[in-house]
Structures are given as C-alpha cells and as structure tokens.
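Coordinates in review
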Amino acid sequence: MIANRSPQPPAGVAPVVEIENLTRHFGVKTALDAVSLSVPRGTVFGLVGANGAGKTTLIKHILGLLRAESGSVRVFGLDPVADPVGVLSRVGYLSEENDLPGWMRVDELIRYSRSFYPAWDDAYAEELRQTFALDATAKIKNLSKGQKARAGLLIALAYRPELLVLDEPSSGLDPIVRRDILGAVLRTIAGEGRTVLFSSHLLEEVEQVADHVTMISQGKIVLSAPLDAIRESHRVNGRVPSLNEIFVMHVGSAAAPSAGA
C-alpha cells in the first residue's frame, strides 16, 4: 500500500481550484449539473466515478478547454478560459490518452517540452528519466503503454507545477506500473506541499493515496469530504467500509466504478 496523507494546508489558505454551480450540456445530455467543489492546496484530491460520470468534462473546464455554460471556474483565482497562460503555466497534466509524438526519441521529447516552460528543471527531468528507467534514445512509438505513461508523467512533473491533474492516468496499465506512477506523484508533488487532482474509476487506487474524495455520478456530486471523515461517518458496528462500498451506498451497484484493476 502506498503511504498517503500529504501535509494539510494552513487554515485560511485559498483553494487551488474553486468551482461554483458549474453546469454543462451536450445536446440533451446534462454532463455536469450545478457542480460545486473546492480543491485545497497541498492535498491529493481524488475525483471518483464510473466512466461517463462527468469527471473528464469537469477537468476540461479546469484546464480551460471548455467554457462554463453557467456557474464559475477559478484556478489559482484565475479564469482558465480568459487567462490560459496564467493557469496552464502552473498546471501539469496527464490523461489516459497521453498522446505523445511517436516519431520523437525520449531525449528529443524532453528537449522539445522544456522550451514551453521557463521553470523547467533539467536536473529534475534527468532524475525522473532515470527513476522511470526510460532509455533516452528510445523512440516514443516503440515504448510500452506503461513506459509512455511514465514519459508523459516526466513531462508533466519536470517543471514542478503547483497543480498536477491526472485524468485516469493508470487506466489499462498493470498494477506494478500503476504503483510506480502513484508513488512518483506522491513523492514529487504532494510531499513538497503542492496539489494533485486525481481522477479515476479505480476506487481502491484512490483510497490508497487521496486526502479528500469527491464522488460524482451522472454529472452530480453525491459526496465530497476528507477521506478520513468519509470513513468515520460510514462506520457500522466498528467496521469501516471500503471506498467502493461507500460509493455503492450512495449511487448503487450498477453505477459503481471498478474497485480493482
């Protein structure tokens, strides 16, 4: 089990992400329904829900890729649509797709990526490359899915972003790679007092690393609180149920995400 619980931010510190009454439709489908949440600074914030629950749509608003139809989104106090440079220069991002240019070598990808980020740390990038056992001369297209995920994480971490957004980063990966990715995230981000927003349908994984958990179903927030408080509030006869069991209590088994690989 990966150790979690990053240091809690001092009282009064402004949240990294603040969303109020965010609603989004795609045709007749309501993807987000009056969603409000706050991501505290210096925490690992788990966003859980089944595929199609609204997690990725929410993240696209945080990244400024979608404009709010109603409600508001603020990241570092800024509107990510109105000020994309001010927001994205401080955000690292890794998604399940993780589309990297296959024709590049690993070292070329690193050199290419560093040109976009003034705060890029060459020594740190090389440390991550070695930690992730990535061959500098290997072509991206020849890497395994797990190696591509590690390469994507290297790019997302090497400029030491204040906020790291992970959207289903370990979906389809084997348990060892998932463990390594989560371990690297916790060591390099949360351990330094920065913030991780971790979206996943793998509740067991989120339960291992998150300080705060928000459950979303059919575009609505059904539960959002510190993980320890969620566990205690659902204790029955001295037994604390798993996060998956708690999700089923609120949403039902038909909508429950996977609890394992």
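Brief notes about the overall build of the protein chain
Counting secondary structure elements, the protein chain contains 9 helices and 9 strands. Per-residue burial over the protein chain gives 49% buried out of 261 residues. Accessible surface, the protein chain: about 11,800 Å² in total, of which carbon and sulfur atoms supply 51%.

Here's the deal with empty space enclosed by the protein
Tallying each qualifying case throughout the model produces 1 cavity of 30 Å³ or more. The computed volume of the largest cavity comes to approximately 40 Å³. In this structure, the largest cavity is lined by Val-44, Leu-166, Leu-182, Val-185, Leu-186, Val-196, Phe-198 and Val-209. Only helix H6 (175–188) and strand E7 (195–200) provide two or more residues apiece to the lining of the largest cavity. Take the lining of the largest cavity: its biggest share by element is 3 residues, from H6. Looking at the lining of the largest cavity residue by residue, the class counts come to 8 nonpolar, no polar and no charged.

Looking at the sheet that holds strand E2 (residues 29–39)
Reading across the sheet, the 3 strands line up as E2-E1-E4 and stay open at both edges, with antiparallel pairing between neighbours. Each edge of the open sheet carries a strand with a single partner, namely E2 and strand E4 (70–75). Strand after strand, the sheet turns through a mean of 25° between neighbouring axes, direction not considered. With 7 bridges joining them, strand E1 (residues 17–26) and E2 adopt antiparallel strand pairing. Residue pairing across strands places Val-17 opposite Val-39, the latter belonging to E2.

Quick word on helix H5 (residues 145–157)
Relative to the 18 Å expected for 13 residues at 1.5 Å per residue, H5 spans 18 Å between its end C-alpha atoms, a close match to the ideal helical length. In terms of burial, H5 is a largely internal element, 10 of the 13 residues being buried. Looking only at H5, the buried set comprises Gly-146, Ala-149, Arg-150, Ala-151, Gly-152, Leu-153, Leu-154, Ile-155, Ala-156 and Leu-157.

As for the confidence of the model for the protein chain
Here the protein chain averages 86 in pLDDT, and 89% of its residues register 70 or above. Across residues 1–7 the pLDDT falls below 50, and counting only partners more than four positions away or on other chains, this stretch makes 27 contacts in the model.

Observations concerning the sheet that holds strand E3 (residues 44–48)
Strand order in this open sheet of 6 strands is E5-E6-E7-E3-E8-E9, and the pairing throughout is mixed. The two strands at the open ends of the sheet, each matched to only one other strand, are strand E5 (91–95) and strand E9 (220–226). With strand direction ignored, the average angle separating the axes of adjacent strands in the sheet is 15°. Two strands pair when backbone bridges link them, and E5 and strand E6 (residues 163–167) are joined in this way by 5 bridges, in the parallel orientation. Bridge pairing links Ser-95 to Asp-167 in E6. Across the sheet, helix H1 (residues 55–62) is in contact with E3, E5, E6, E7 and strand E8 (212–217); its angle to E7 comes to roughly 150°. Sheet contacts for H5: E5 and E6; angle to E5, the most-contacted strand, approximately 170°.

Concerning the packing of helix H3 (residues 106–114) against H5
Put simply, H3 and H5 touch, their axes get as near as 10 Å, and they point 25° apart. In terms of orientation, H3 lies roughly parallel with respect to H5. Classified by chirality, the crossing of H5 by H3 is right-handed. Residues Leu-109, Ile-110 and Ser-113 of H3 lie in contact with H5, whose contacting residues are Ala-151, Leu-154 and Ile-155. For the contact of H3 with H5, the class distribution of residues is 5 nonpolar, 1 polar and no charged.

A look at the pairing of E3
With 5 of 5 residues buried, E3 is to be regarded as a mostly interior element. Along E3, one buried face is formed by Val-44, Gly-46 and Val-48 and the opposite face, lined by Phe-45 and Leu-47, is buried too. As paired elements, E3 and E7 share 5 bridges and run parallel to each other. Looking at E7, one finds that Val-48 is bridged to Ser-200. Sheet topology note: the E3/E8 ladder contains 4 bridges and is parallel. Along E8, the bridge assignment pairs Phe-45 with His-212.

Some points on H1
At 3.6 residues per turn, the α-helix brings residues three or four places apart onto the same side. By the criterion of burial, H1 is predominantly enclosed, with 6 of the 8 residues buried. Turning to H1, its buried residues are Lys-55, Thr-57, Leu-58, Ile-59, His-61 and Ile-62. One or two steps after H1, the chain reaches Gly-64, where phi turns positive at roughly 80°.

Rules used in this analysis
- Residues numbered from 1 in each chain as written.
- Predicted model: local features only at pLDDT ≥ 70, side-chain atom pairs only at ≥ 80, totals over all residues.
- Heavy atoms only, no water.
- Helix = DSSP H or I, 4+ residues; strand = E, 2+ residues; numbered from the N terminus.
- Buried < 20%, exposed > 50% of the residue type's maximum accessible area, 1.4 Å probe, protein only.
- Areas by Shrake-Rupley, 256 points an atom, 1.4 Å probe, with all protein chains shown as cover.
- 1 Å grid on protein atoms, 1.4 Å probe; cavity = no way out; pocket = protein on both sides within 12 Å on 5 of 7 lines; lining within 4 Å.
- Points joined across faces, edges and corners; volume = space filled by probe spheres on them.
- Nonpolar A, V, L, I, M, F, W, Y, C, P; charged D, E, K, R; others polar.
- Pairing = 2+ DSSP bridges.
- Axes fitted to C-alpha atoms, helices over the stretch in contact; angles between N-to-C directions.
- Expected span 1.5 Å × (residues − 1).
- pLDDT = per-residue confidence, 0-100.
- Contact = heavy atoms within 4.5 Å.
- Parallel < 35°, antiparallel > 145°, perpendicular 65-115°, else oblique.
- Left-handed = near helix turned anticlockwise from the far one by under 90°.

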